[in-house]
Amino acid sequence: MTYFKSFLLLSIATAVTVGCSKPIEEVDTVHAESLQTNINIWPTLEIDVKKSDEIEDRVKRILADMTLEQKIAQMIQPEIRDITVEDMRKYGFGSYLNGGGAFPHDNKHSTPQDWVDFAEEMYQASVDDSIDGSTIPTMWGTDAVHGHNNVIGATLFPHNIGLGAAHNPELIEKIASITATEVMVTGIDWVFAPTVATVRDDRWGRTYESYSENPDVVKTYSKAIVKGLQGSPGNDFLGDNRVISTIKHFIGDGGTLNGDDQGDNIDSEQDLFDIHAQGYVGGLSVGAQSVMASFNSWHGKKIHGSKYLLNDVLKEKMGFDGFVVGDWNGHGQIKGCSNSNCAQAANAGLDIYMVPTDAWKPLYENLIQQVKDGVIPMERIDDAVTRILRVKIRAGLFEKPSPANRLFSGKTELIGHEKHRDIANQAVRESLVLLKNNGNILPLNPNVNVLVAGDAADNIGKQSGGWSITWQGTNNTNDDFPGGSSIYDGIKEQVTAAGGQVVLSEAGQYAEKPDVAIVVFGEEPYAEGHGDREHLDYQRGSKSDLALLQKLKADGIPVVSVFISGRPLWLNAELNASDAFVAAWLPGSEGRGVAEVLFRNPQGDIQYDMTGRLSFSWPATPTQATVNLNDDIYEPLLPYGFGLSYGDESTLASNLNETYVVDEEDLKGRSIFTGTMQKPWQLWLFSGEKAELVTASTVSFNTVNYRTVDRKVQEDAFRLSLKASNDFSGVKIASKSYFREDMYPQSQNGSVLSVMLKTESGIPDSVMLGMNCESEGDPSGSCSGDIDISDYLKGLEENTWTELTIDTACFVQKGIKFENMITPFQLRTKGDLQLSISDIAFEFGRAQDANFKCATP
């Protein structure tokens, strides 16, 4: 708990978290209406898992005894934050999920046993026929995308982009098998993995979830990971140590225009198959039992509503006989649909609706009525439920013990087991790609004086990236990864064992000049939506990491850069400032694997060679986001497959071009909140003299209640419910900050503060929106300025998203010094208020049309 003299209820203040996203319009364009399709492009697959007369007869018997209500319940998948055990007992949902950052009983630090207990409660409720008359067991789905990444203490492997650089499908199968084991320890049956997107635009925020831009690699890896998760038919298929896999997201998510998450893929049908379907050819052939529909569109039509792709292609032509599950309220993006009402998705071939939030209940009721009204044929419902039951029987869910009594359940020693971490370390070592090695500086002699710098050096959360404990991978500390190791931990172990010295200084400070500096830096964590970018220029506009590299180089210290990222980025200047440069991607919880490759052993021998090779082309310019293998014009800085081994001649020049022309269209202000905080901002709740940092998706703090909500993409907004309190009156506004930010440009060029908001209650007489800054020449002092927006809010239509714009000159007039900014947004009131807030940004050239205008002083 942190205390301040303030009655501020919401404040965004400086610290270290990040994210970015671009919301996607939830409409279908006209492209699909004239699209000519060719079903003959798609193959009929030879699938290892064959239909069994015994299973099919059993499915028919179960189906014949089911009511319509029971069938629809099998097709509903709510989220654990939105249902209770009693809901499961009453409705008998066929499945449920925990989204990223959702935990049993909303406790981030739930133990593995807590997960088992929750699974057991839900299972027992599902087979209790006292209310719904059904004994069909439910199944729990989770996003285990680089290990069992929602669980504290689990082994987190490198993200897929790093595994792709390893080019080792046998290793991938081992990783998947370990993941299945750790998932089974917590009583969970089903994982939403692997992602088999073939990414063709590196601006996409899910690039790191792809193995490669090469569809052949994706196809091979898809086979390996599905076999590792599910086992092989005739051997241990879906046995006691295996889980149901999901290949996702069908189809084309890696090829959307401009890399927009949930955007539109306009590739030809032939390219859709040749490039984007190969992961499905691989995974389906070895028996993947579920496929997740993609958020994106193909030629303007949302995949969730595409009967041609989901039914005609996937099920009928390719021969997939498992079930299709939707993505997070993806059905609601179909034209004419909402989260709670969408017959179109079922008719298109969706078998399970993933429906988080409280929309599950009206969706359930609407689907029942739509079947009764003939809008959805009963044959389509029977087909969907047949597929669900077929998979449940194949997985042995009717025969296996309840979650608490299964083979691995409760064997918590298997979570993060040493042997699992050894495999993760191997994956880290094999994923590293050496881009530059002047003078063969690497591998290093460990018996030297080593300076370790950079904000990623001792930060397991940053090196793990998104989908690590929390959805976006933010708001974690090293303590959230027990048993894991930072890259610095590994370096320290190597150096001290050989008698060398190591100093950790994030800022690169030292008392004694080191023999070498290892600087570990890179992207802040992000996940889907929030990770989208408009360009590939690393740290555009700030370049703090470059300054650190150049400082050390100017001091005459050899610099080894270890770059943490979820995609290739344009960082020519950083490459120029480095003697050696290693692309480490997102290595996960086992940072020591990096050090094992960087250093020789104490006897001077190479411990492990650099064997990683680029699975993505490295851009020559910040706008070269779509450079891919086999392009007609192929001019990357470093080609697909590039990577130095130790002893190779370093071919990358140290005078790479460091400048590029910026279009005026590229100057679009500065985002503060886009679903997550952009670095260096942090979200705080204030009540009276106390304040609390927001580190979860739901927070109750004194008179303030906070929860993430969906506006256009998953959890891209938050709702505040504020209750009046006498404690607030007469208290000075304050904010928490770690350093000031120079935001002077945001006070110029006709800038506005833009906020998307939605009122959901009556408006009190005073609602103040303000900023806070550091007084010039007095770091202990502060300057602040507020604007009362209550009258404006009273004029808005409730429950309707509206953009509020305020000329930044208004804040300048109130004494805000943008060059010393600490808090660029704060909201406070003394009354009752409920409202939701989405994108918060500064935008140029809009002051003349702002809701609140002020003359430039």
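Residues numbered from 1 in each chain as written. Predicted model: local features only at pLDDT ≥ 70, side-chain atom pairs only at ≥ 80, totals over all residues. Heavy atoms only, no water.

A. Quick peek at the overall build of the protein chain. A tally of helices and strands in the protein chain yields 21 helices and 31 strands. For the protein chain, the C-alpha radius of gyration of 27 Å lies close to 29 Å, the compact-globule estimate for 857 residues. Reported as C-alpha extents along the three principal axes, the dimensions of the protein chain are approximately 80 × 75 × 55 Å. Among the 857 residues that make up the protein chain, the fraction classed as buried is 65%. Once local pairs closer than 6 in sequence are excluded, the contacts in the protein chain between residues at least 24 apart make up 79%. As displayed, the protein chain offers around 29,500 Å² of accessible surface, 45% of which is attributable to carbon and sulfur atoms. In the protein chain, 73 positive and 118 negative side-chain charges are present, and the distance between their average locations comes to 1 Å. (Helix = DSSP H or I, 4+ residues; strand = E, 2+ residues; numbered from the N terminus. Rg over C-alpha atoms; globule rule 2.2 N^0.38 Å. Buried < 20%, exposed > 50% of the residue type's maximum accessible area, 1.4 Å probe, protein only. Contact = heavy atoms within 4.5 Å. Areas by Shrake-Rupley, 256 points an atom, 1.4 Å probe, with all protein chains shown as cover. Lys, Arg positive; Asp, Glu negative; His and termini not counted. Charge placed at Lys NZ, Arg CZ, Asp CG, Glu CD.)

B. Spatial organisation of the pattern of salt bridges. Overall, the coordinates contain 41 salt bridges when judged by the stated rule. Of the charged contacts, one joins Lys248 and Asp143 as a salt bridge, the two residues approaching to 3.2 Å between their closest N and O atoms. Of this pair, Lys248 sits in strand β7 (residues 246-250) while Asp143 sits in the loop between β5 (139-142) and α5 (160-166), and the two are 105 residues apart along the sequence. Given the relative accessible area of 1%, Lys248 is considered buried. Note that Arg592 and Glu596 form a salt bridge whose closest N and O atoms lie 3.3 Å from each other. Here Glu596 and Arg592 lie together in helix α19 (residues 592-598), a separation of four residues that amounts to about one turn. Using a relative accessible area of 23% as the deciding quantity, one classes Arg592 as partly exposed. Linked through salt bridges whose partners overlap, the residues forming this network are Lys315, Asp351, Arg380, Asp383 and Arg387. (Salt bridge = Lys/Arg side-chain N within 4 Å of Asp/Glu carboxyl O.)

C. Structural view of the packing of helix α8 (residues 269-276) against helix α9 (residues 278-285). At a minimum axis distance of 5 Å, the contact between α8 and α9 shows a crossing angle of 55°. What the angle tells us is that α8 and α9 run oblique. Facing α8, whose interface residues are Phe273, Asp274, Ile275 and His276, α9 presents Gln278, Tyr280 and Val281. A class-by-class count of the residues in the contact of α8 with α9 yields four nonpolar, two polar and one charged. (Axes fitted to C-alpha atoms, helices over the stretch in contact; angles between N-to-C directions. Parallel < 35°, antiparallel > 145°, perpendicular 65-115°, else oblique. Nonpolar A, V, L, I, M, F, W, Y, C, P; charged D, E, K, R; others polar.)

D. Looking closely at the nonpolar core. Ranked by size, the top nonpolar core spans 132 residues in total, and within it Trp42, Ile72, Leu284 and Leu309 carry the most contacts. The element contributing the most residues to this core is helix α6 (residues 169-185), with nine residues. If we skip the residues at most four places from it in the chain, Leu284 touches Leu45, Ile47, Ile247, Val291, Leu314, Met318 and Phe320. Judged by nonpolar contacts, the second largest core, of 75 residues, contains Phe521, Val582, Leu598 and Leu614. (Core = buried A, V, L, I, M, F, W, Y, C linked by side-chain atoms within 4.5 Å.)

E. Quick look at the sheet that holds strand β19 (residues 580-585). Reading across from one edge, β14-β19-β18-β17-β15-β16 is the order of the six strands in this open sheet, with mixed pairing throughout. The open sheet has two edge strands, β14 (433-437) and β16 (501-504), and neither has a second partner. Strand-to-strand twist in this sheet, taken as the mean axis angle between neighbours without regard to direction, amounts to 20°. Relative to strand β18 (residues 559-564), strand β17 (residues 516-522) is paired through six bridges, and the arrangement is parallel. When the sheet's bridge partners are listed, Ala517 is paired in β18 with Val559. Contacts from helix α16 (residues 487-497) reach β15 (449-453), β16, β17 and β18 within the one sheet, and its direction differs from that of β16 by about 160°. (Pairing = 2+ DSSP bridges.)

F. A look at unusual backbone geometry. With an omega of 0°, the peptide bond between Lys248 and His249 qualifies as cis. When you line up the elements, His249 lands in strand β7. The residue after Phe250, namely Ile251, is reached through a cis peptide bond having omega 5°. Assignment of secondary structure puts Ile251 in the loop between β7 and β8 (264-265). One non-glycine residue, His105, lies in the positive phi region at around 60°. Its location among the elements puts His105 in the loop between β4 (95-98) and α4 (112-127). Assessed through its relative accessible area of 60%, His105 is described here as exposed.

G. Structural view of the state of the cysteines. As enumerated under the stated definition, the model contains three disulfides in all. One disulfide in the model links Cys337 with Cys342; its S-S distance is 2.2 Å. Note on the Cys337 and Cys342 pair: the S-S dihedral is about 65°, so by sign convention the disulfide is right-handed. Residue Cys773 pairs covalently with Cys783 via a disulfide, S to S 1.6 Å. (Disulfide = S-S within 2.5 Å.)

H. Looking closely at helix α13 (residues 378-394). Between the first and last C-alpha of α13 there are 24 Å, a value that for 17 residues agrees with the 24 Å anticipated at 1.5 Å per step. With 13 of its 17 residues buried, α13 lies for the most part within the structure. Following α13 by one or two positions, Gly396 has its phi on the positive side, about 75°. (Expected span 1.5 Å × (residues − 1).)

I. Summary view of the packing of aromatic side chains. Inspection of the entire model under this criterion finds 26 aromatic pairs. With a centroid separation of 5.5 Å and 75° between ring planes, the pair formed by Trp42 and Phe273 is classed as edge-to-face. Taken as a pair, Trp42 in the loop between β2 (10-14) and α1 (53-64) and Phe273 in helix α8 lie far apart in primary sequence, 231 residues in all. On the numbers, 5.3 Å between centres and 85° between planes, the contact of Trp570 with Tyr660 is edge-to-face. Pair noted here: Trp570 is in the loop between β18 and α18 (572-576) and Tyr660 is in the loop between α19 and β20 (670-673), with a separation of 90 residues, a long-range link. Residue Tyr660 is classed as partly exposed on the basis of its relative accessible area, which comes to 27%. In this structure an aromatic cluster arises from ring pairing among Tyr91, Phe93, Trp360 and Tyr364. The cationic tip of Arg58 hangs over the ring face of Phe398; the distance from NZ or CZ to the ring centre is 5.1 Å. Above the ring of Tyr608, the side-chain terminus of Arg429 is found at 4.0 Å from the ring centroid. (Phe/Tyr/Trp six-rings, centres within 6.5 Å; stacked < 30°, edge-to-face > 60°. Lys NZ or Arg CZ within 6 Å of the ring centre and 35° of its normal.)

J. Fine view of the confidence of the model for the protein chain. With 92% of its residues at a pLDDT of at least 70, the protein chain reaches an overall mean of 91. The low-confidence segment residues 14-32 (pLDDT under 50) makes 81 contacts with residues lying over four places distant or belonging to another chain. Below a pLDDT of 50 lies the segment residues 728-738, which in the model reaches 47 contacts outside its immediate sequence neighbourhood of four places, other chains included. (pLDDT = per-residue confidence, 0-100.)

K. Focus on the packing of helix α7 (residues 215-230) against α9. Packing of α7 against α9 brings their axes to within 7 Å, and their N-to-C directions diverge by 25°. Looking at the two axes, α7 sits roughly parallel to α9. Note that α7 runs across α9; the crossing there is right-handed. Of α9, the residues touching α7 (which contributes Pro215, Val218, Lys219, Ser222, Lys223 and Val226) are Gln278, Gly279, Val281, Gly282 and Gly283. Residue composition of the contact of α7 with α9, by class: four nonpolar, five polar and two charged. (Left-handed = near helix turned anticlockwise from the far one by under 90°.)

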